[in-house]
Amino acid sequence: MWRPFGGTTCVIGSNSLNLFLNLGINKIPFRLNASPKSLPTSGLCRASQVAELFPTISPEVYVREARVEDCWEVAETHCSSFFPEYSFPLDFVLKIDRLIAMLFGFSIPNGCQRTCLVAVVDSRDEEACLLGTEELKLGGFDGRLSLNKGYVTGVLTVDTVADFLPRKGPLRQRRKGIAYISNVAVRERYRRKGIAKKLIMKAEAQARSWECRAIALHCDISNPGATKLYIGQGFRIIKVPEGANWPQPKTSPNVQFGFLMKLLDI
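About the cut-offs
- Residues numbered from 1 in each chain as written.
- Predicted model: local features only at pLDDT ≥ 70, side-chain atom pairs only at ≥ 80, totals over all residues.
- Heavy atoms only, no water.
- Helix = DSSP H or I, 4+ residues; strand = E, 2+ residues; numbered from the N terminus.
- Contact = heavy atoms within 4.5 Å.
- Areas by Shrake-Rupley, 256 points an atom, 1.4 Å probe, with all protein chains shown as cover.
- Salt bridge = Lys/Arg side-chain N within 4 Å of Asp/Glu carboxyl O.
- Buried < 20%, exposed > 50% of the residue type's maximum accessible area, 1.4 Å probe, protein only.
- Expected span 1.5 Å × (residues − 1).
- Pairing = 2+ DSSP bridges.
- Right-handed = clockwise from strand over helix to strand, strands pointing away.
- Axes fitted to C-alpha atoms, helices over the stretch in contact; angles between N-to-C directions.
- Phe/Tyr/Trp six-rings, centres within 6.5 Å; stacked < 30°, edge-to-face > 60°.
- pLDDT = per-residue confidence, 0-100.
- Polar contact = N/O pair within 3.5 Å; in protein donor to acceptor, adjacent residues only side chain to side chain.

By the naming in an unreviewed UniProt entry, the chain goes by N-acetyltransferase domain-containing protein and is assigned to Anisodus tanguticus.

What follows is the structure, encoded as structure tokens:
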């Protein structure tokens, strides 16, 4: 049975987001605005909402930035998590689409950052079987290809593009100093092993290296287990002001998202 997260807090009110996003402020009062009604227990689990209720960190798994040799594994992990109902040939076409997006779709606005993180098992750099050369570059990755299978256990994207953050001021400017997490996916057989938590921790470290003072994400409100995971990592639910048109990820129209944010100590 799902229980509300008693004692957890979050920003409420139409002016609270600006206070929260004032990156010079380190301590802000929060209050949770979540209940079993606002976070129903049924619904479709999306990859960005992978829940690990009883994580046990595996010492064999470590997190690093993705490279070109990881791209097919990343595409497989992404598609099997987001679209588990797809079968051949549709799943193959989708994987090719994701692969092309990784290799050639990483153009970002000037001054912004983006990286894909992978959780890797049983194939550290010195053990990986690779073809190609680091001198060849594809989409910012070195041009080596991996012959290993199933070594990527989880993926996550973190950036400062701010596409899914509310714009600032009457000129609708991009918000700066805030990293955004998306596409969190863990292969089914590796779930409940703390991998999502390790990915999030690495994303936070990456955001700090970019001198971000906060990190944010969207979470499917029909998955309270995932919300519990993020809140356990220090994220707080931000209430969207009534009538506000904040940007959200483009997925199924039936999916409703909650917006969560965490202040970072740098």
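Continuing now.
Enquirer: Sorry, what's going on with the overall build of the chain here?
Expert: Scanning the chain from N- to C-terminus turns up five helices and nine strands. For the chain, the α and β elements follow one another from N to C terminus as α-β-α-α-β-β-β-β-β-α-β-α-β-β. In the chain, the proportion of contacts linking residues at least 24 apart, taken out of those at least 6 apart, comes to 78%. With the model as given, the accessible surface of the chain reaches about 14,200 Å², and the carbon-plus-sulfur share is 52%.

Enquirer: Just checking my understanding: could you explain the pattern of salt bridges for this structure?
Expert: Here the idea is simple: oppositely charged side chains can pair when their charged atoms come close. Applying the stated criterion across every chain yields a total of seven salt bridges. Of the charged contacts in the structure, one is a salt bridge between Arg187 and Glu76, with a shortest N-O distance of 3.6 Å. In this pair, Arg187 sits in the loop between strand S6 (178-186) and helix H4 (195-209) while Glu76 sits in helix H2 (residues 71-82), placing the two residues 111 residues apart along the sequence. Judged by relative accessible area, Arg187 falls into the buried class, the value being 10%. A salt bridge links Arg174 to Asp163; the nearest nitrogen and oxygen atoms lie 3.1 Å apart. A residue pair is termed long-range when its members are at least 10 positions apart, and Arg174 in the loop between strand S5 (152-159) and S6 and Asp163 in the loop between S5 and S6 qualify at eleven residues. Judged by relative accessible area, Arg174 falls into the partly exposed class, the value being 31%. The class of Asp163 is partly exposed, set by a relative accessible area of 39%. Taken together, the shared-partner salt bridges connect Glu73, Glu76 and Arg187 into one network.

Enquirer: In this structure, what is going on with H4? I would like to understand it.
Expert: Given 3.6 residues to a turn, an α-helix orients residues that are three or four positions apart in the same direction. Helix length check: H4 (15 residues) gives 21 Å between terminal C-alpha atoms against 21 Å at 1.5 Å per residue, within 8%. When we look at burial in H4, the residues that qualify are Ile195, Ala196, Leu199, Ile200, Ala203, Glu204, Gln206 and Ala207. Of the residues one or two after H4, Glu211 is the one with positive phi, at around 65°.

Enquirer: Looking at this structure, how should I read the pairing of strand S7 (residues 214-220)?
Expert: The side chains of a regular strand alternate, residue by residue, between the two faces of the sheet. In terms of burial, S7 is a largely internal element, seven of the seven residues being buried. Both faces of S7 are covered, namely the face carrying Ala214, Ala216, His218 and Asp220 and the face carrying Ile215, Leu217 and Cys219. Pairing of S6 with S7, which is carried by three bridges, proceeds in the parallel orientation. Paired with Tyr180 across the two strands is Ala216, which belongs to S7. Between the parallel elements S6 and S7, the chain passes through H4 in a crossover that is right-handed. As defined by bridge partners, S7 adjoins strand S9 (residues 257-263) across seven bridges and the pair is classed as antiparallel. Counted as the bridge partner of Ala214 is Leu263 from S9.

Enquirer: Looking at this structure, I do not really get the sheet that holds S7. What am I missing?
Expert: Whether parallel or antiparallel, the strands of a sheet pair through hydrogen bonds between backbone atoms. Judged by pairing direction, the sheet is mixed, and its seven strands sit side by side in the order S1-S2-S5-S6-S7-S9-S8 without closing on themselves. The open sheet has two edge strands with one neighbour each: strand S1 (61-65) and strand S8 (236-238). Shown here is a sheet whose adjacent strand axes are inclined to one another by a mean of 30°, direction ignored. Looking at chain direction, S1 and strand S2 (residues 114-121) are connected through five bridges and run antiparallel.

Enquirer: It is not clear to me how the packing of aromatic side chains should be interpreted in this structure. Could you clarify?
Expert: Aromatic ring pairs: the centre-centre distance and the angle between the two ring planes describe each pair. One pass over the structure, following the stated rule, counts six aromatic pairs. Seen in terms of ring centroids, Phe88 and Phe92 are 6.2 Å apart; in terms of plane orientation they differ by 50°. Their pairing is tilted. Plain terms: the ring middles of Phe164 and Tyr180 are 5.5 Å apart, the flat faces sit at 40° to each other, and that makes the pair tilted. With Phe164 in the loop between S5 and S6 and Tyr180 in strand S6, the pair connects residues that are 16 residues apart, well separated along the chain. In textbook terms, an aromatic cluster arises when at least three aromatic residues are bridged by ring pairs, as seen for Trp72, Phe88 and Phe92.

Enquirer: Honestly, the confidence of the model for the chain in this entry has me stumped. Any pointers?
Expert: Here the chain averages 74 in pLDDT, while 65% of its residues score no lower than 70. In the predicted structure, residues 22-51 sits below a pLDDT of 50 and forms 81 contacts with residues beyond four places in sequence or in another chain.

Enquirer: Which parts of the structure should I look at to understand the side chain of Glu73?
Expert: Structurally, Glu73 is set in helix H2. In terms of polar contacts, Glu73 uses its side chain to reach the backbone amide nitrogen of Val152, at 3.4 Å.

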